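Fold and geometry: a report
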There are 2 protein chains.
Amino acid sequence: MGGDFAPQSQIDGAIEARAELPADVVIVLVGDEKIIRSKFEEKGASLDGFEIVATTEVIGMGEHPTRALRQKPNSSITVGVSLLKDGKLDCFASAGNSGAMMVGAMYSIRSIPGVIRPSITSILPKESGGDGLILDVGINADVKPDVLYQFAILGSLFAEHVMGIENPRVGLLNIGEEKEKGNLLTIATHRMMTDTTDFNFVGNIEGRDLFEDKCDVIVCDGFTGNVVLKEAEAFYKLIAKRGMLDDYFSRFNYELYGGTPILGVNGNVIIGHGISSPKAVKNMLKLSMEMVEADIPEKVKFAFRYK
Amino acid sequence: MGGDFAPQSQIDGAIEARAELPADVVIVLVGDEKIIRSKFEEKGASLDGFEIVATTEVIGMGEHPTRALRQKPNSSITVGVSLLKDGKLDCFASAGNSGAMMVGAMYSIRSIPGVIRPSITSILPKESGGDGLILDVGINADVKPDVLYQFAILGSLFAEHVMGIENPRVGLLNIGEEKEKGNLLTIATHRMMTDTTDFNFVGNIEGRDLFEDKCDVIVCDGFTGNVVLKEAEAFYKLIAKRGMLDDYFSRFNYELYGGTPILGVNGNVIIGHGISSPKAVKNMLKLSMEMVEADIPEKVKFAFRYK
């Protein structure tokens, strides 16, 4: 029920995903049963391979996350997160109120022991082909070096097991190439990352390198990452508006990636863009399946086990 | 003598600027006199309207600023800054070692009393026409709210008196529109800026708004500003490479703006891009004249007088 175009986008996207996902994958639709059934009927689509979990409440996009979760126990987000916690879902994805998704995940399935701060990510397509991952992109505006260090581990696991990049190279987003450049945070983080064996650290990268093949995982605080991401979106819009989308620039379309997992929590949770189109929802469901197959939470648990 | 293509770019640019600047403006060339004279001769250009101040040393682009300034008292940067201090120049501009320019300015002409941290700026062209100013873009990686507050004043003075924008609107670069969004720095800064009468604060702006007409002066810490600027440069390059530069995207070309003033110091100092072409040098000299005409240091002194 969440997202600017819910539930229409969600239902259309789920139907598209159904056609592409393996038959043994069940898509569980959490929401208003009457609306769901009537939308399927309208489209003449079959509910085979779907399950419906009926909910009666909706958390609006502008609602205060914690308050909304408490006051609406029967909202699709609250119910979805709780099904995930109870092991009745392998992954929960929503384009709804992202604060509520975040808080819901943190308070029910919780962080994996050892993980200081879970993180959300984004894809930055490289001009030379392939994708880069950047994290955090918005939920951790103030961080310390040890948190950035952990983001490198979380991002590396996602890059390796979901994106299929072997021994992913980690770059620290900074304002100079040399190790002594940066702000207090990045200078201290660089020192911490140097010579680590926990991931493949390749040094500082700069704003100018964001679309180059200098590394696979770009680590930064959530303030900088959010600004970087929104600036890239602004450029994408400027280019799209002019009809200049070539093969490369087209890859900046958020619809292709579906959403961001919350890395570092005890389950597979994916947050989609509020404006998610059916195509974005379809890709969010495909990413969900990849997350489940890769079993990222187990990999994170293992990585943080001795830390 | 400073810059990746010095002194050729510098001399070519100065000759171009000479043709466009008023006759009573004297361009002082600080550098190796023999080289300067021979380059002018090669081009068959006249030295009318120029003065030469002969120097014998050059600070390289990779040299340590403080050390280089101390060890090379007869470098073009050291001599230029000292001529400015002695009132023998109205403005000093260089595309050389920017750290040395910065340190030279700070230690000889110094900050204006009351200014906690001088700042460097960049232009972000707006799609709707006109330019936005962003500061700081790299020399203040760690700042406190009162420093951002001062950047708003410095940027407003430049926007008004050099860019010709009346009552410039100041936006705080942030990761959400609402006043409670952000990191510790921006939340505290927003509170400080709200209801100020020192400048025209219009609230938070996000990465997606950087090229929109939401404000005229964008204030941020130098870490974020540097990443924003370099990301924009990366996009400009990607677009230029594809031959997609239309009227709007062409305005991202750094050559058009010549360089950034150091705002908040006791004199007019302009730092150019290391890769400055003749066109960039020409525009740096034109900006120098505009800075002198606007008398920014005096305006800053007045603004900070009672603070």
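Everything numeric here is computed off the predicted structure, so don't read it as measured data. (Residues numbered from 1 in each chain as written. Chains lettered and ligands numbered in written order. Predicted model: local features only at pLDDT ≥ 70, side-chain atom pairs only at ≥ 80, totals over all residues. Heavy atoms only, no water.)

Here's the deal with the overall build of chain A
When you go through chain A residue by residue, the secondary structure sums to 10 helices and 10 strands. Against the compact-globule benchmark of 19 Å for 307 residues, chain A has a radius of gyration of 19 Å, which places it among compact chains. Overall, the C-alpha framework of chain A stretches about 60 × 50 × 35 Å when taken along its three principal axes. Burial statistics for chain A: of 307 residues in total, 57% are counted as buried. The contacts in chain A between residues at least 6 apart in sequence include a share of 67% that link residues at least 24 apart. Within the structure as shown, chain A displays about 12,900 Å² of accessible surface, and the carbon and sulfur contribution to it stands at 50%. Here chain A holds 32 positive side-chain charges and 42 negative ones, and the gap between their average locations is 5 Å. (Helix = DSSP H or I, 4+ residues; strand = E, 2+ residues; numbered from the N terminus. Rg over C-alpha atoms; globule rule 2.2 N^0.38 Å. Buried < 20%, exposed > 50% of the residue type's maximum accessible area, 1.4 Å probe, protein only. Contact = heavy atoms within 4.5 Å. Areas by Shrake-Rupley, 256 points an atom, 1.4 Å probe, with all protein chains shown as cover. Lys, Arg positive; Asp, Glu negative; His and termini not counted. Charge placed at Lys NZ, Arg CZ, Asp CG, Glu CD.)

Let's talk about the side chain of E255(A)
All names here are of chain A. When you line up the elements, E255 lands in the loop between α8 (222–241) and β9 (260–263). Of the side chains bearing the opposite charge, K279 lies closest to the buried E255, which forms no salt bridge; the N-O distance is 4.5 Å. For E255, the side chain forms a polar contact with the side chain of N253, separated by 2.8 Å. Beyond its immediate chain neighbours, meaning those up to four positions away, E255 contacts S277, K279, A280 and N283. (Salt bridge = Lys/Arg side-chain N within 4 Å of Asp/Glu carboxyl O. Polar contact = N/O pair within 3.5 Å; in protein donor to acceptor, adjacent residues only side chain to side chain.)

Overview of the packing of aromatic side chains
What characterises a pair of aromatic rings is the spacing of the ring centres plus the angle enclosed by the ring planes. For the structure on display, the rule yields 18 aromatic pairs over all chains. Aromatic pair Y248(A) and F252(A): ring centres 5.4 Å apart, planes at 85°, arrangement edge-to-face. Among the residues examined, Y248(A) registers a relative accessible area of 5% and is labelled buried. With 6.5 Å between their ring centres and 40° between their planes, F249(A) and F252(A) make a pair best called tilted. Here F252(A) falls in the buried class, since its relative accessible area comes to 11%. Within the aromatic cluster, the residues linked to one another by ring pairs are F211(A), F235(A), Y248(A), F249(A), F252(A), F211(B), F235(B), Y248(B), F249(B) and F252(B). The ring centre of F249(B) lies 4.8 Å from the NZ or CZ of R242(A), which sits over that ring. (Phe/Tyr/Trp six-rings, centres within 6.5 Å; stacked < 30°, edge-to-face > 60°. Lys NZ or Arg CZ within 6 Å of the ring centre and 35° of its normal.)

Looking at the environment of I116(A)
Residues and elements named next belong to chain A. Within the secondary structure, I116 sits in the loop between α5 (98–109) and β4 (119–125). Separated by 27 residues in the primary sequence, I116 and V143 have C-alpha atoms spaced 10.0 Å apart. Ignoring sequence-local partners within four residues, the contact set of I116 consists of D146, V147 and Q150.

Quick word on the side chain of H190(B)
Mapped onto the secondary structure, H190(B) falls in helix α7 (residues 184–193). With residues near it in sequence (within four places) discarded, H190(B) still touches L172(B), K179(B), F201(B), G203(B) and N204(B).

Description of the packing of helix α6 (residues 145–161) of chain B against helix α11 (residues 296–304) of chain B
Residue and element names in this part refer to chain B. Where α6 meets α11, the axes come as close as 10 Å, and the angle between the chain directions of the two elements is 135°. Overall, the two elements α6 and α11 adopt an arrangement that is oblique. Judged by the sense of rotation from one axis to the other, the crossing of α6 with α11 is right-handed. Contact residues: Q150, I153, L154, L157, F158 and H161 in α6; I296, K299, V300, A303 and F304 in α11. Of the residues in the contact of α6 with α11, the class split is 8 nonpolar, 2 polar and 1 charged. (Axes fitted to C-alpha atoms, helices over the stretch in contact; angles between N-to-C directions. Parallel < 35°, antiparallel > 145°, perpendicular 65-115°, else oblique. Left-handed = near helix turned anticlockwise from the far one by under 90°. Nonpolar A, V, L, I, M, F, W, Y, C, P; charged D, E, K, R; others polar.)

So, the nonpolar core
Within the largest apolar cluster, 96 residues are counted, with the highest numbers of intra-cluster contacts made by F211(A), F235(A), F249(A), F211(B), F235(B) and F249(B). With near-sequence residues (within four places) excluded, F211(B) lies in contact with E231(A), A234(A), F235(A), L238(A), L124(B), P125(B), K126(B), E127(B), Y248(B) and F252(B). In terms of nonpolar packing, the next biggest core, distinct from the first, is built from 39 residues, I112(B), A159(B), F199(B) and M284(B) among them. (Core = buried A, V, L, I, M, F, W, Y, C linked by side-chain atoms within 4.5 Å.)

Structural notes on the relation of the copies chain A and chain B
Its rotation angle being 180°, the transformation that places chain A on chain B also includes 0.0 Å of axial translation and leaves an RMSD of 0.0 Å. Here the two chains are linked by the operation of a two-fold rotation axis. Closest approach to the rotation axis within chain A is made by the C-alpha atom of T224(A), at a distance of 3.0 Å. The fraction of interface residues of chain A whose copies in chain B are also interface residues reaches 100%, indicating that both copies meet through the same surface. (Least-squares fit on C-alpha atoms with pLDDT ≥ 70 in both.)

Brief notes about the interface of chain A and chain B
Each partner contributes residues to the interface: chain A has 36 residues there, and chain B has 36 residues. Roughly 3,500 Å² of surface becomes buried between chain A and chain B when both sides are summed, with 67% attributable to carbon and sulfur atoms. For the pair chain A and chain B, the number of links is 8 salt bridges. We note a salt bridge from E206(B) to K230(A), for which the minimum N-O separation is 2.3 Å. (Buried area = accessible area lost by both parts, 1.4 Å probe.)

Considerations on the confidence of the model for chain A
Chain-level statistics for chain A give a pLDDT mean of 95 and a share of 100% at 70 or above. The ipTM, which scores confidence in the relative placement of chains, is 0.93 for this predicted complex, and the corresponding pTM is 0.94. (pLDDT = per-residue confidence, 0-100.)

With respect to the pairing of β9(A)
For a regular strand, the rule is simple: side chains alternate between the two faces of the sheet. Residue and element names in this part refer to chain A. The alternating pattern of β9 places T260 and I262 on one face and P261 and L263 on the opposite face, and all of these are buried. Strand direction decides the pairing type here: β4 and β9, joined by 2 bridges, are antiparallel. Opposite S119, over in β9, you have L263 as the bridge partner. One ladder, built from 2 bridges, connects β9 with strand β10 (residues 268–271); its direction is antiparallel. Within the sheet, the bridge partner assigned to T260 lies in β10 and is I271. (Pairing = 2+ DSSP bridges.)

Structural notes on the state of the cysteines
Residue and element names in this part refer to chain B. Under the defined criterion, the tally for this structure stands at 0 disulfides over all chains. The cysteine C220 is free of any disulfide, with C215 supplying the nearest cysteine sulfur at 11 Å. Residue classification places C220 among the buried positions, given a relative accessible area of 3%. (Disulfide = S-S within 2.5 Å.)

A look at the pairing of strand β2 (residues 50–54) of chain A
Residue and element names in this part refer to chain A. For strand β1 (residues 27–31) and β2, the ladder comprises 5 bridges, and the chain directions are parallel. Each residue of the ladder has a partner; that of G31, found in β2, is A54. With helix α2 (residues 33–43) bridging β1 and the parallel β2, this β-α-β connection has right-handed handedness. (Right-handed = clockwise from strand over helix to strand, strands pointing away.)

Some details on helix α8 (residues 222–241) of chain B
An α-helix turns once per 3.6 residues; consequently, residues spaced three or four apart project the same way. All names here are of chain B. For α8, spanning 20 residues, the distance from its first C-alpha to its last is 28 Å, which sits close to the expected 28 Å at 1.5 Å a residue. Within α8, 16 of the 20 residues are buried, which leaves it mostly tucked inside the rest of the structure. Structurally, the start of α8 carries an N-cap: the backbone nitrogen of F223 is 2.9 Å from a side-chain oxygen of D221. Of the residues one or two after α8, G243 is the one with positive phi, at around 65°. (Expected span 1.5 Å × (residues − 1).)

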